[in-house]
Amino acid sequence: MKLKILHLYPKEMNLYGDHGNVLTLVKRCEWRGIKTEVIEHEPGDPIPDDIDIIFGGGGQDSNQNKIEDDLRHIAMDLKKLVENNVPTLVICGLYQLFGDYFETSEGQKIKGINIIDVTTKAGPERLIGNIVISTAEYGEVVGYENHSGLTKLGEKAKPFGTVIKGYGNNGDDFTEGARYKNCIGTYLHGPILPKNPRVADWLILKAIERHQTKPKLEHLNDSIENRAHKVAASRPQ
Ligand code: GLN
């Protein structure tokens, strides 16, 4: 078995080390003897239909603008994969564009692809800092956020977590990120996966589940990852 990881727009959408999420997935598979292949998607490229994990990072408003047309072009392919329960992680800028739209502070609407039922509008100030959230499925999750966008969840989206420290979706309702099927959208940079190995392993497990019934992931020694998590959680906002 080889897991195919689709990395969306690695050049345009890669803030605060988001690329480290792909490295984490590859390494945690490699340490268990699971083969991977990373497919870097840039505007104009086709989307293979045998993708096992989708990942997309954050990006500045101007870079969201650059990929807007291509994203719309591949929307149906991505929708099909997410509807087929392909595990997906999208951060900040691409989280916003997996929703309905992101309206910038200049009032420009960058259109999203409506996979996650959320809408986002830039607020008067940027929400910046370390963030800690609690989640039912992965326990405490830590990261770093920096966004102007204020995101509201629609009826079909569940929050990814509840804010313990930081701002989350909008600094107002204590929700952070969104879940739809096996797709997670979140504001957590950092990158998120090295310091939150439970989330990384969940993505890997969901990918393998589509090939095998009741797969088990070999246990890894996460003492360094857990220490990094603890340090991040103890930092002031
Ligand atoms: N441009 C978006 C915002 O500021 C996304 C930023 C990001 O991906 N960190 O809300």
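Our structure is the block above this text.
Source: prediction; values computed, not measured.

### Regarding helix α2 (residues 61–83)
(1) Moving on: For α2, which comprises 23 residues, the first-to-last C-alpha distance of 27 Å sits more than 12% below the rise-based estimate of 33 Å (1.5 Å per residue).
(2) Moving on: Of all the bends found along α2, the most pronounced is centred on Ile-74 and spans about 55°.
(3) Moving on: All buried positions along α2 are accounted for by Asn-63, Gln-64, Ile-67, Glu-68, Asp-70, Leu-71, Ile-74, Ala-75, Leu-78, Leu-81 and Val-82.
(4) Moving on: Backbone geometry just downstream of α2 places Asn-85 in the positive-phi region, at approximately 65°.

### Comments concerning helix α5 (residues 197–209)
(1) Moving on: When the terminal C-alpha atoms of α5 are compared, their 18 Å separation across 13 residues agrees well with the 18 Å that a helix rising 1.5 Å per residue should span.
(2) Moving on: In terms of residue burial, α5 counts as a mostly covered element, since 10 of its 13 residues are buried.
(3) Moving on: Where α5 is concerned, the buried positions are Pro-197, Val-199, Ala-200, Asp-201, Trp-202, Leu-203, Ile-204, Lys-206, Ala-207 and Ile-208.

### Let's talk about the site of the ligand
(1) Moving on: Surrounding the ligand, one finds 16 residues, the nearest of these being Asp-61, Cys-92, Gln-96, Arg-126 and Gly-149.
(2) Moving on: Contacts to the ligand include His-189, whose side-chain N or O atom sits 3.0 Å from a nitrogen atom.
(3) Moving on: For the ligand, whose unbound accessible area comes to 300 Å², protein coverage reaches 99%.
(4) Moving on: Elements with a contribution of two residues or more to the shell around the ligand: α2, α3 (92–97) and β8 (139–153).
(5) Moving on: Broken down by element, the shell around the ligand gets its largest block of residues, four residues, from β8.
(6) Moving on: In terms of residue class, the shell around the ligand is made up of three nonpolar, 11 polar and two charged.

### Points about the packing of helix α1 (residues 20–30) against α5
(1) Moving on: At a minimum axis separation of 10 Å, α1 and α5 run at an interaxial angle of 70°. In this view, α1 runs roughly perpendicular relative to α5, as classed from their interaxial angle. Along its contact with α1, which presents Thr-24, Leu-25, Arg-28 and Cys-29, the element α5 presents Pro-197, Ala-200, Asp-201, Leu-203 and Ile-204.
(2) Moving on: By residue class, the composition of the contact of α1 with α5 is six nonpolar, one polar and two charged.

Scoring rules and cut-offs
- Residues numbered from 1 in each chain as written.
- Predicted model: local features only at pLDDT ≥ 70, side-chain atom pairs only at ≥ 80, totals over all residues.
- Heavy atoms only, no water.
- Helix = DSSP H or I, 4+ residues; strand = E, 2+ residues; numbered from the N terminus.
- Expected span 1.5 Å × (residues − 1).
- Bend = angle between axes of the 7 residues up to and from the residue.
- Buried < 20%, exposed > 50% of the residue type's maximum accessible area, 1.4 Å probe, protein only.
- Near = heavy atom within 4 Å.
- Polar contact = N/O pair within 3.5 Å; in protein donor to acceptor, adjacent residues only side chain to side chain.
- Areas by Shrake-Rupley, 256 points an atom, 1.4 Å probe, with all protein chains shown as cover.
- Nonpolar A, V, L, I, M, F, W, Y, C, P; charged D, E, K, R; others polar.
- Axes fitted to C-alpha atoms, helices over the stretch in contact; angles between N-to-C directions.
- Parallel < 35°, antiparallel > 145°, perpendicular 65-115°, else oblique.
- Contact = heavy atoms within 4.5 Å.

Nothing here speaks to function; it is all geometry.
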